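# Summary of structural features
If you want the building blocks of each chain, they are given just below.
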Amino acid sequence: MIPRARHLIAVCLLGAALTACGTAGGERPAPATSRVSASASATRPPVLAPGPGGLTPVFEHGSRTRGKTVALTFDADMTADEGPRAASGEHFDNPGLIDALRTLKVPATVFMTGRWADEYPAEAGALGHDPQFEVANHSWSHYAFTADCYGLPTVEADGMRADVQRAYESLRAAGVPHAMPYFRFPGGCYDQRALRALSGLGVTAVQWDVISGDAFATDADAVVKQVLDGVKPGSVVVMHCTRSAAPTTERVVRTVVPELRRRGYRFVKVSELIGQAGNGR
């Protein structure tokens, strides 16, 4: 998510314009799901094989033909410079949303910034120990890995790898025992340079194919409609786990989940979708 003080991108938050979000950063390679297979071992979660030259693979959605599955993902965002806002009482966490997911028994993948884990270690650790959730990497700083990414400050190419590694260190320090080998670029912005910078880390970059529009939204019904209109078999839905910047998300989840179940969808974690990718689309 993008800090309110840094952006003027309301066009990316509501209605059809949301389809443009997550596409900044220049021309991008095709998602790896279309060209590589998944691999896993008895102890390692499934990941996509690297692209040509060891390039970090990118996953957007699962199979469209292997059943009506959908993965709800939640970005737990906090940028490196938002400490004073948290200290003044702004809430970047959302316990009500997590409680709703637990009550509804919805497995989910949480992409967490290291700075968020530093601020909310008890919540991060609880998520990391709860088998209903999997915790993945969303960078430490939530600074962009490309230029022109919705007003976010940028990480230099020679600092990208260290930023991801620092996030994993913060997750471990917060008590997340097994953070997943999945990485979500801040703002969804990436290019060839960013993918090369992360080569060799063993992570799969995870994007999405359904933008919920919950960021800074005040109309829960509009967000619900956007999700329900966008979901297809194998979809990855991006939402947010930050009360101050995504205040409608809990209400959205409480509406979307029973409706998608009524339509025959089964909720899964991202790891299950990636695992299916290794068995054909």
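Our subject is the structure listed above.
Since the model is a prediction, treat every value here as computed from it, not as a measurement.

## Examining the overall build of the protein chain
When helices and strands are tallied, the protein chain shows 9 helices and 11 strands. For the protein chain, the exposed surface amounts to about 11100 Å²; the carbon and sulfur share of it is 54%.

## Section: the packing of helix α2 (residues 95–104) against helix α8 (residues 249–262)
In the contact formed by α2 and α8, the axes pass within 9 Å of each other and the chain directions differ by 20°. Of the possible angle classes, the one that applies to α2 and α8 is roughly parallel. The handedness of the crossing between α2 and α8 is right-handed. Judged by residue contacts, Gly-96, Leu-97, Ala-100, Leu-101 and Leu-104 of α2 engage Thr-249, Glu-250, Val-253, Arg-254, Val-257 and Arg-261 from α8.

## Side note on the packing of aromatic side chains
Inspection of the entire model under this criterion finds 5 aromatic pairs. Taken together, a centroid distance of 5.5 Å and an interplanar angle of 50° make the contact between Phe-145 and Phe-183 tilted. A residue pair is termed long-range when its members are at least 10 positions apart, and Phe-145 in the loop between β6 (133–137) and α5 (157–173) and Phe-183 in strand β7 (residues 182–183) qualify at 38 residues. With respect to burial, Phe-145 and Phe-183 carry one shared label: buried. Here the aromatic rings of Phe-145 and Phe-185 are separated by 5.6 Å at their centres, their planes lie at 75°, and the arrangement is edge-to-face. With Phe-145 in the loop between β6 and α5 and Phe-185 in the loop between β7 and α6 (192–197), this pair connects stretches of sequence that are 40 residues apart.

## Some words on the pairing of strand β10 (residues 235–240)
Counting buried residues in β10 gives 6 out of 6 residues, a clear majority hidden from the surface. Burial along β10 is two-sided: the face carrying Ser-235, Val-237 and Met-239 and the face carrying Val-236, Val-238 and His-240 are both buried. When strand β4 (residues 69–76) meets β10, the two strands line up parallel, connected through 6 bridges. Bridged to Asp-75 within β10 is His-240. As judged from the 2 bridges shared by strand β9 (residues 210–211) and β10, these two strands associate in the parallel manner. Of the residues in β10, the one forming a bridge with Ile-211 is Val-238. You can see the chain leave β9, run along helix α7 (residues 220–230) and come back into β10, and the turn it takes is right-handed.

What counts and what doesn't
Each chain has its residues counted from 1, running along the sequence as written. Only residues with pLDDT of 70 or above have their local features reported here, since the model is predicted, and side-chain atom pairs are shown and tallied only from 80 upward, although totals for entire chains, interfaces and linings are computed over all residues. No hydrogens and no water enter the side-chain calculation; it runs on all heavy atoms of the structure. We count a stretch as a helix when DSSP gives it H or I for four or more residues in a row; a strand needs E for two or more, and each element gets its number in order from the N terminus. Per-residue accessibility takes into account occlusion by the displayed protein chains alone, with areas from the Shrake-Rupley method and a 1.4 Å probe. Note on geometry: axes are lines fitted to C-alpha atoms, helical ones only across the stretch in contact, with angles between N-to-C directions running from 0 to 180 degrees. Oblique is the label for every angle not falling under 35 degrees (roughly parallel), over 145 degrees (roughly antiparallel), or within 65 to 115 degrees (roughly perpendicular). Crossing handedness: left-handed means the near helix sits turned counterclockwise from the far one by under a right angle, and right-handed means the same turn made clockwise. Contact between two residues is taken to exist if any of their heavy atoms lie within 4.5 Å; hydrogens are not considered. Each Phe, Tyr or Trp ring (for Trp, its six-membered ring) is paired with any other whose centre lies within 6.5 Å, and the angle between the two planes then decides the class: stacked below 30 degrees, edge-to-face above 60, tilted in between. For the exposure calls, accessible area comes from a 1.4 Å probe over protein chains only, and a residue counts as buried if that area is under 20% of its type's maximum, exposed if over 50%, partly exposed in between. When DSSP finds at least two bridges between two strands, those strands are taken to pair. Whether a crossover is right-handed depends on one test, that the path from the first strand over the helix to the second runs clockwise when the strands point away from the viewer.

Without other data, these values stay purely geometric and don't point to any function.
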